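Survey of secondary and tertiary structure
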Amino acid sequence: MVYRFECLLEMMSTDSRAAVIAHGDLDGLASAATLIAALKRVKGLRAELLIAQPYNLYTKLTELAVKPPHVLLITDLGIDEATWGSTRDALTRLVSRGCRITWVDHHVSTSKLAPEFLVKGVSILYTSSGSASTLAREVFAPLTENPEFFIKIARMGEIADGVTVDDELAIVADRVAAALSAPSAKEPFKRKLVKMWVEEQRLIDDEVAIKAEEFERLLARKIAHVKERVVADLEKGLIIDARDLKLSGLAGHIASRIANEKKKVTVIVFSPNEREAVATCRVPNTVEFNALQELSSLVSKLGGGGGGLSRAAAVRVPREMGDLLLNSLCELFRAKLG
Ligand SMILES: [Mn+2]
């Protein structure tokens, strides 16, 4: 795959146009910065950065098709199975118009659909044991003008995705991750951050610090409200009914903080919209509990669905099933964590 990338660089001239589409979290942005810096050093290219979520990747690809770049790198975006058809069509259109695409990723769904990419002339750079930033650090950071700096940037992405623990960088990485989670951290802020990394090679600035504080204040306020809504406090588990609160997309962060503070498996039930009730669960390192498996089998009985990882999972059911979901969670937690 390294070979493929070098081939691709060979074929490009300095007046080629390049674009990077990245996930908007720290892993996505850190890997994007490293890729952009490599393109800049090797070919003098200024790559355009677009930010996407897996489910709207195809809309970004369609936007690009208006004036296709010569090279496109996609990073840290797992294939979304629901929109995969539209994504594939948009990729095919870009390839047929001469755009060379490399997909850098670590999500299982991407590797599952890899055979389809290869047919379409899209290269894949995949790892099952790291994050997108791991690939960026190993393959692209050495090609930049300041490998030491971009190895640091990529390490922050790896820390945020939990694939490495680096004490020296952890504090900075946590701040940047917090800033990216602030409600005011929209696309322009994210693009500016990547630009600062690429052009000034500075890890952090005042705006990051201000946004990190904004996020911490909001989180502290929400955590205080959420803690007033505990419905079951067990030896190793905590169940919270926050269906009357607006959590502003922070449910996962809140559950994670409470789980680590109390050292208990923490589940928060909330209503993100009029249709659904969601249970988001976080497992602290001190407790053995497979949240993905336990919650998935619980909601499959209620006709819901979900996903995630063994220590961080979320499941959803129709809103009117919320009470039933809570009761089932209480039974499960009493049996396994009481
Ligand atoms: Mn990632």
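Scroll up for the structure.
An account of the accompanying structure is given in this report. (Residues numbered from 1 in each chain as written. Predicted model: local features only at pLDDT ≥ 70, side-chain atom pairs only at ≥ 80, totals over all residues. Heavy atoms only, no water.)

**Details of the overall build of the protein chain**
Which entries qualify depends on this criterion: Numbering of helices and strands runs from the N terminus, with a helix taken as a DSSP run of H or I at least four residues long and a strand as a DSSP run of E at least two residues long. Restricting the calculation to C-alpha atoms gives the radius of gyration, and the globule rule supplies 2.2 Å times the number of residues raised to the power 0.38. Each residue is assigned to one of three classes by its accessible area relative to the maximum for its type, calculated with a 1.4 Å probe on protein chains only: buried under 20%, partly exposed between the two thresholds, exposed over 50%. Two residues form a contact once any of their heavy atoms are found within 4.5 Å.
Helix and strand content of the protein chain: 14 helices and eleven strands. Taking 338 residues into account, the globule formula puts the C-alpha radius of gyration at 20 Å, and the protein chain, at 21 Å, falls close to it. Summarising its shape, the C-alpha atoms of the protein chain cover approximately 65 × 40 × 30 Å along the three principal directions. Looking at the protein chain as a whole, 52% of its 338 residues are labelled buried. A separation of at least 24 residues holds for 69% of the contacts in the protein chain among residues at least 6 apart in sequence.

**Focus: the pairing of strand 2 (residues 48-52)**
Where we set the bar: When DSSP finds at least two bridges between two strands, those strands are taken to pair.
With four of five residues buried, strand 2 lies mostly within the body of the structure. Inspection of the sheet shows strand 1 (residues 18-23) paired to strand 2 by five bridges, in the parallel sense. If you follow A22 over to strand 2, its bridge partner there is I51.

**Regarding the environment of K301**
By the element assignment, K301 lies in the loop between helix 13 (291-300) and strand 10 (305-309). Residue K301 is classed as exposed on the basis of its relative accessible area, which comes to 72%. Once the C-alpha coordinates of K301 and A32 are considered, the two residues, 269 residues apart in sequence, prove to be 41 Å apart.

**Overview of the side chain of D76**
Worth spelling out the cut-off: Neither His nor the chain termini are counted; the positive set is Lys and Arg, and the negative set is Asp and Glu. Any carboxyl oxygen of Asp or Glu within 4 Å of a side-chain nitrogen of Lys or Arg constitutes a salt bridge here. Polar contacts, as counted here, are pairs of nitrogen or oxygen atoms within 3.5 Å of one another; within protein the pair requires one atom able to donate a hydrogen and one able to accept it, and residues that are adjacent in sequence qualify only if both atoms are side-chain atoms.
Mapped onto the elements, D76 comes out in the loop between strand 3 (71-75) and helix 4 (84-96). The charged side chain of D76 is buried without a salt bridge, its nearest counter-charge being K190 at 10 Å. In this structure the side chain of D76 is engaged in a polar contact, spanning 3.1 Å, whose partner is the backbone nitrogen of G28. There is a polar contact of 3.0 Å between the side chain of D76 and the side chain of H106.

**Observations regarding the coordination of the manganese ion**
In ideal tetrahedral geometry, four donors around a metal make angles of 109.5 degrees, whereas ideal octahedral geometry with six donors gives angles of 90 or 180 degrees. We count it as follows: The rule for donors is simple: N, O or S, within 2.8 Å of the metal, or within 3.2 Å if the metal is Na, K or Ca. Water isn't counted, so a site may look like it is missing partners.
The manganese ion binds to the protein through D27 (OD), D76 (OD), H106 (NE2) and D161 (OD), with metal-donor distances spanning 2.1 to 2.4 Å. Taking relative accessible area as the criterion, D76 reaches 1% and is therefore assigned buried.

**As for the environment of V139**
In this structure, V139 sits in helix 7 (residues 132-140). Put simply, V139 and L125 are 14 residues apart on the chain and 9.5 Å apart in space, counted from C-alpha to C-alpha.

**Re the packing of aromatic side chains**
Note on aromatic pairs: each is described by the distance of the centres and the angle between the planes. Heads up, the rule is: Stacked, tilted and edge-to-face are the three classes applied to pairs of Phe, Tyr and Trp rings, where Trp contributes its six-membered ring and a pair requires centres within 6.5 Å; stacked means planes under 30 degrees apart, edge-to-face means over 60, and tilted covers the rest. Whether a charge lies above a ring is judged from NZ of Lys or CZ of Arg, which has to be within 6 Å of the ring centre and within 35 degrees of the ring normal.
On inspection of all chains with the given rule, the structure shows two aromatic pairs. Ring geometry for F149 and F150: centres 5.1 Å apart, planes at 90°, overall edge-to-face. For F150, a relative accessible area of 0% gives the class buried. Summarising the aromatic geometry, the rings of F289 and F333 are spaced 5.7 Å apart at their centres and angled 70° between planes, so their arrangement reads as edge-to-face. Of this pair, F289 sits in the loop between strand 9 (276-282) and helix 13 while F333 sits in helix 14 (residues 322-337), and the two are 44 residues apart along the sequence. Each member of the pair, F289 as well as F333, carries the same accessibility label: buried. A cation over an aromatic ring shows up here: K211 above the ring of F189, its NZ or CZ 4.9 Å from the ring centre.

**A closer look at the packing of helix 2 (residues 26-43) against helix 7**
Applied cut-off: Orientation is described by lines fitted to C-alpha atoms, with helices fitted over the stretch in contact, and by angles between N-to-C directions that extend from 0 to 180 degrees. Note on angle classes: values under 35 degrees are labelled roughly parallel, values over 145 roughly antiparallel, values of 65 to 115 roughly perpendicular, and the remainder oblique. By definition, turning the near helix anticlockwise from the far helix through less than a right angle yields a left-handed crossing, and turning it clockwise yields a right-handed one.
Helix 7 packs onto helix 2 with a crossing angle of 20° between their chain directions and a minimal axis gap of 8 Å. Classified by the interaxial angle, the pair formed by helix 2 and helix 7 is roughly parallel. Crossing geometry of helix 2 relative to helix 7 is assigned as left-handed. Across the interface between the two elements, D27, A30, S31, T34, L35 and A38 from helix 2 touch A132, S133, A136 and F140 from helix 7.

**Describing helix 2**
Inclusion rule: A helix is expected to reach a length of 1.5 Å times the quantity of its residues less one.
A rise of 1.5 Å per residue sets the reference length of helix 2, with its 18 residues, at 26 Å; its end C-alpha atoms lie 25 Å apart and thus fit the reference within 8%. Within helix 2, 15 of the 18 residues are buried, leaving the element largely enclosed by the surrounding structure. At the C-terminal side of helix 2, G44 shows a positive phi close to 65°.

**So, the layout of surface pockets**
A water-sized probe, rolled over the atoms, reveals where empty space remains. Stated formally: Cavity: a set of points on a 1 Å grid over the protein atoms alone where a 1.4 Å probe fits but cannot get out. Pocket: an open set with protein on both sides within 12 Å along at least five of seven lines, its lining residues, like those of a cavity, having an atom within 4 Å of a point. Grid points are joined across faces, edges and corners, and a volume is the space filled by probe spheres set on the points.
Looking at the second largest pocket, its volume works out to about 250 Å³. Lining the second largest pocket, in full, are I36, K40, L45, R46, A47, E48, L49, R191, V194, K195, V198 and E199. Those elements giving two or more residues to the lining of the second largest pocket turn out to be helix 2, strand 2 and helix 10 (187-200). Among the elements that make up the lining of the second largest pocket, the one with the highest residue count is helix 10 (five residues).

**A word on the packing of helix 13 against helix 14**
Across the interface, helix 13 lies against helix 14 with an axial gap of 11 Å and an inter-helix angle of 140°. Here helix 13 is positioned oblique relative to helix 14, judged by the angle of their axes. Along this stretch, helix 13 crosses helix 14, giving a crossing that reads as right-handed. Across from E294, L295, L298 and V299 in helix 13, the residues of helix 14 making contact are L325, S328, L329, L332 and K336.

So far we have only geometry, and geometry alone does not tell us how the molecule works.
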